[in-house]
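Okay, here's what each chain looks like letter by letter:
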Amino acid sequence: MAKDFKFRTCPETGLKVHSQADALIKANAVVAVVFLAIGGLFGLLVALTRWPAVHMLDAELFYLALTAHGADVLVFWIIFFEVAVLYFASAILLNARIVLPKIAWLGFILMLVGALMANVAVLQGESSVMFTSYVPMKAAPHFYLGLILFAVGALLAVGIFFGTILTAKKEKTYEGSLPLVTFGALTAAIIAVYTILSGAIILVPTFLWSLDLIPHIDSLTYKLIWWGFGHSSQQINVATHVSIWYATAALLLGAKPLSEKVSRGAFLLYILFLQLASAHHLLVEPGVSSSWKIFNTSYALYLAVLGSLIHGLSVPGAIEAAQRKRGFNKGVFEWLRKAPWGNPAFSSMFLSLVLFGFLGGISGVTMGNEQINLIIHNTIYVPGHFHATVVAGTTLAFMGITYLVVPLIFQREIVMKGLARWQPYLFGLGAAGISLFMMGAGTIGIARRHWDITFSDAPLTVDVPGTAFMMMGLNGVFAIMATIGGAIYVVVVVASILFGAKRDEAACKANPVVTAGGGEAVASYGAEEEHPNLSGTIVLVTLLFVTFVLYYYVNWKFLSEVWPLS
Amino acid sequence: MALTSPEKRIWWNEPLSKIELTWIVIAFLWGLTMFGTMVYWHFTGEQNLSNEAYRIRPEVFAERTEAQAEKYKVREEGDTGIPVVKPPAGSDVYMLARRYEFWPILELEKDKQYRLHLSSMDVQHGFSLQPTNINLQIHPGYEMVLTVKPNKTGEYSVVCNEYCGVAHHAMVGRIYVVDSKK
Amino acid sequence: MTDNSGSTNENGDEDIPFMQRLLDNPLLLLVIGVASPMLLYTIWGVVEVALIPLAN
Ligand code: HEM
Ligand SMILES: [Cu+2]
Ligand SMILES: [Cu+2]
């Protein structure tokens, strides 16, 4: 058992924290934030270029910046942070040690080397192939090698996660079932294994092909397997940020899942079906049958969407129940009005929940219909959609939990609290704006990954509606807002880590970040004892449902107006 | 709480609250409805992507496209030198994508059906027909065959919406749709 | 926290419902979670692509 492992006891939660877990979480989180800063800057440059009146970068730099943006934020920021979450949800929540910390560090180094290598390749200019690197467009070999090293490192981290939870069970550091948040992280880890395997299956041969060791990679097969990697990694994000929603609600409000069975069942639906949605990217490809498309794009009868809708009730429901127990029981929405909106950890979490559901979720399921995809594929609607999921949803959730990780793991006070308070609103509104305006421009057919919607270099003219120019301009305005929000996050986090006051035991007592009494406040309202009043949550999910149905059928209407084709 | 193990050792047997149960049922039925809508559209809707596709060598596809262009060329587009091709209504029509053009320009008749063949000569391209807004992915080595029936006259642009190289944003083609009497 | 200490050994688990046992088994979930998309998405998809006929 715990031989000479160093543990500290967290003065706020009473959890035993393994020093290696502390260190690994810190390292991965810091590197994640650095990649967010770099990638976010590229995002701003891209958005300013797509603002027709500004049109900042030249074409070649634009495609380079777009490749770097996708890789740095979507892959490196997100996955480094997720590795930190995996270590948190395993070692820390289970009072356990990290198994084989040396391997965990090896994984970290591989990921870092891989990420740097891929960045160097992109910045050298020979690898502006977008982060999807569709063959037969060829990048420099070290672009693929960087991605492969990164993936191997991430696989090691996932392996350590499994090792840690299994060892914790054996060493009885916890009893009974895994905590729900750890179970959510397990869901993410399982999806990660499929994701990384898919990446390896396709990127290793592609790397060899870039070295001329393999003559040909089939473009359709590449795309199919690549999205097993590219889209599933988005599903890791979903499982992770849903876990973070539960964790934040528990830490800040003492919220407890309405039902362990329902929440875990919803995660099980993710494990079984979420990855099938990789098919969203192949709905207008030649030669793949409609049966395959419909079955996979619908996650087998929308069972994974069912999982998300369940979380969409459980998370706000848990918050509402907890808040009502604490006395905010008036009317339908007092619990929500009296929530800690001034605490960036909470506001991030709740904005993430709402924006992910209303913007990201609805648009994603709608455009993921086999036929509706005909009017959306590769338009800028697509980045609009995933900035709602992965920026307003995942990134904002990760930002929120950082405001708890800094005091609890780095043991530093957050500095510049006034700025931090506004950060989630700026970033959330900015992200919502770029999502909406990109979706709007996409609805009228504007292409994604496109340098010039005036087509001034083209031999033929193209009539582009004036509203498109307006929307791409507004997209630029909101991009600036999102960038400011993102920059504040980076500055506050880095400054807190470097200069924040140390949180010793006294400071934790005087100024706790975790709600005292947490779980007790709402201890067991198991369904058999009492039914919590969830009227506010019912209003929220009804609103979501009605919006969903309306928006869904509006898009069928749009589809029915285009040229008949079969 | 969500951060600790469930309080009850056996939590699976806890009863569901009515609210949760109702929501799960609604969400499940909505999922079935959406699934059903996709299937239903295959039988009743007019916009379904065909599953017809072939493996084809780019040279072969180019030959067929050129042969057709020669046979049915009606004029050239301005001073661009790009042929405008008007194959008979109901026939097979070919358009190829290559860095950085869609070739040739097609002229089709309104409300007539055509079997449109699409393929790429080099990398992947996106076939984005505007302003009607139909978007298809074009792969090298694969020929996609779909039946289209233009429902409005006018000048349509084919914009490449898959990144295909430095001049991707200049890759544009055109399809004219004219009244059948003309 | 559990109210029933010492119940995690093999003998005490018999009354645990099947679904809970499944959800408490990370490795089994891992196998299912990887095999299911491999089969339904990847393998089915690759077979479809492989079966695309040659143009005549
Ligand atoms: C300051 C914040 C951000 C701004 C202003 C921004 C803006 C943009 C814009 C304008 C595009 C280009 C759309 C196109 O031309 O196709 C884009 C693409 C993209 N963004 Fe962001 N973004 C931001 C943050 C993020 C974050 C945090 C993520 C991921 C977590 C992300 C992921 C992506 C991805 C994956 C693409 C697609 C790249 C491609 O097409 O290859 N972005 N972003
Ligand atoms: Cu192109
Ligand atoms: Cu292109």
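Residues numbered from 1 in each chain as written. Chains lettered and ligands numbered in written order. Predicted model: local features only at pLDDT ≥ 70, side-chain atom pairs only at ≥ 80, totals over all residues. Heavy atoms only, no water.

## Things to note about the overall build of chain B
Stage number 1. On a plain count of helices and strands, chain B comes out with 2 helices and 12 strands.
Stage number 2. Its helices and strands in sequence order give chain B the pattern α-β-α-β-β-β-β-β-β-β-β-β-β-β, from N to C terminus.
Stage number 3. Relative to its length of 182 residues, chain B is extended, with a C-alpha radius of gyration of 24 Å against a globular reference of 16 Å.
Stage number 4. Each principal axis of the C-alpha distribution contributes one length, and for chain B these read about 80 × 40 × 30 Å. (Helix = DSSP H or I, 4+ residues; strand = E, 2+ residues; numbered from the N terminus. Rg over C-alpha atoms; globule rule 2.2 N^0.38 Å.)

## Points about the interface of chain B and chain A
Accessible area lost upon the coming together of the parts is a frequently used measure of interface size.
Stage number 1. Counting residues at the interface gives 86 residues for chain B and 106 residues for chain A.
Stage number 2. Together, the buried faces of chain B and chain A total about 8,600 Å²; carbon and sulfur atoms form 67% of this surface.
Stage number 3. At the boundary of chain B and chain A, one finds 1 salt bridge.
Stage number 4. The residue arginine 449 of chain A makes a salt bridge to glutamate 162 of chain B at a minimum N-O spacing of 3.0 Å.
Stage number 5. Elements supplying a minimum of two residues to the side of chain B that touches chain A: helix H1 (18–44), strand S1 (53–55), strand S6 (105–109), strand S8 (125–130), strand S9 (134–138), strand S10 (142–148), strand S11 (154–160) and strand S12 (172–178) of chain B.
Stage number 6. Looking at the side of chain B that touches chain A residue by residue, the classes come out as 46 nonpolar, 28 polar and 12 charged. (Contact = heavy atoms within 4.5 Å. Buried area = accessible area lost by both parts, 1.4 Å probe. Salt bridge = Lys/Arg side-chain N within 4 Å of Asp/Glu carboxyl O. Nonpolar A, V, L, I, M, F, W, Y, C, P; charged D, E, K, R; others polar.)

## Focus on the confidence of the model for chain B
Stage number 1. On average, residues of chain B score 93 in pLDDT, and 98% of them are at 70 or above.
Stage number 2. Mean pLDDT values for the elements of chain B range from 92 in strand S2 (residues 73–77) of chain B up to 97 in strand S7 (residues 114–120) of chain B. (pLDDT = per-residue confidence, 0-100.)

## Topic: the pairing of strand S3 (residues 82–85) of chain B
Residues and elements named next belong to chain B.
Stage number 1. The alternating pattern of S3 places Ile82 and Val84 and Pro83 and Val85 on opposite faces, both of which are buried.
Stage number 2. Direction of pairing for S2 relative to S3: antiparallel, over a ladder of 4 bridges. Within S3, the residue paired with arginine 75 across the bridge is valine 84.
Stage number 3. Between S2 and S3, which pair antiparallel in sequence order, lie 4 residues; one of them, glycine 78, sits at a positive phi of approximately 50°.
Stage number 4. Pairing of S3 with S6, which is carried by 2 bridges, proceeds in the parallel orientation. (Buried < 20%, exposed > 50% of the residue type's maximum accessible area, 1.4 Å probe, protein only. Pairing = 2+ DSSP bridges.)

## Points about the sheet that holds S2 of chain B
Residues and elements named next belong to chain B.
Stage number 1. Spatial ordering of the open sheet is given by S2-S3-S6-S12-S11-S8-S9, a layout of 7 strands whose pairing is mixed. For this open sheet the edge positions go to S2 and S9, each flanked by a neighbour on one side alone. Each adjacent strand pair in this sheet contributes to an overall mean axis angle of 25°, direction not counted.
Stage number 2. On the sheet, helix H2 (residues 58–72) packs against S2 and S3 and is oriented at approximately 100° with respect to S2. (Axes fitted to C-alpha atoms, helices over the stretch in contact; angles between N-to-C directions.)

## Considerations on the site of ligand 1
Residue and element names in this part refer to chain A.
Stage number 1. Inspection of the region around ligand 1 gives 24 residues, with Arg50, His69, His387, Arg448 and Arg449 positioned closest.
Stage number 2. At 2.9 Å from an oxygen atom of ligand 1 is found a side-chain nitrogen or oxygen belonging to arginine 50.
Stage number 3. One of the side-chain nitrogen or oxygen atoms of histidine 69 is found 2.7 Å away from a nitrogen atom of ligand 1.
Stage number 4. Among the secondary structure elements, those contributing two or more residues to the shell around ligand 1 are helix H1 (19–50), helix H2 (59–92), helix H12 (381–410) and helix H14 (466–499). (Near = heavy atom within 4 Å. Polar contact = N/O pair within 3.5 Å; in protein donor to acceptor, adjacent residues only side chain to side chain.)

## As for the environment of proline 17 of chain C
Stage number 1. Tracing the chain through its elements places proline 17 of chain C in the segment before helix H1 (18–23).
Stage number 2. According to the relative accessible area criterion, proline 17 of chain C is buried, its value standing at 15%.
Stage number 3. It is 32 Å that separates the C-alpha atoms of proline 17 of chain C and threonine 42 of chain C, two residues lying 25 residues apart in sequence.
Stage number 4. Other than its neighbours up to four places away in sequence, proline 17 of chain C contacts Ile10, Trp12 and Asn13 of chain B.

## Some remarks on the coordination of the copper ion (ligand 3)
Residue and element names in this part refer to chain B.
Stage number 1. For the copper ion (ligand 3), every protein donor is listed as Cys160 (SG), Glu162 (O), Cys164 (SG) and His168 (ND1), and the spread of their distances is 2.0 to 2.4 Å.
Stage number 2. Each of the 4 donor atoms bound to the copper ion (ligand 3) contributes to angles spanning 86 to 121°, and the resulting shape is tetrahedral.
Stage number 3. Every donor residue of the copper ion (ligand 3) comes from the same chain, spaced as C-x1-E-x1-C-x3-H.
Stage number 4. The two metals, the copper ion (ligand 3) and the copper ion (ligand 2), are separated by 2.5 Å and share cysteine 160 as a common coordinating residue. Of the two residues, cysteine 164 and histidine 168, both sit in the buried class. (Donors = N, O, S within 2.8 Å, 3.2 Å for Na, K, Ca; no water. Tetrahedral: all angles 85-135°; square planar, octahedral: opposite > 155°, others 65-115°.)

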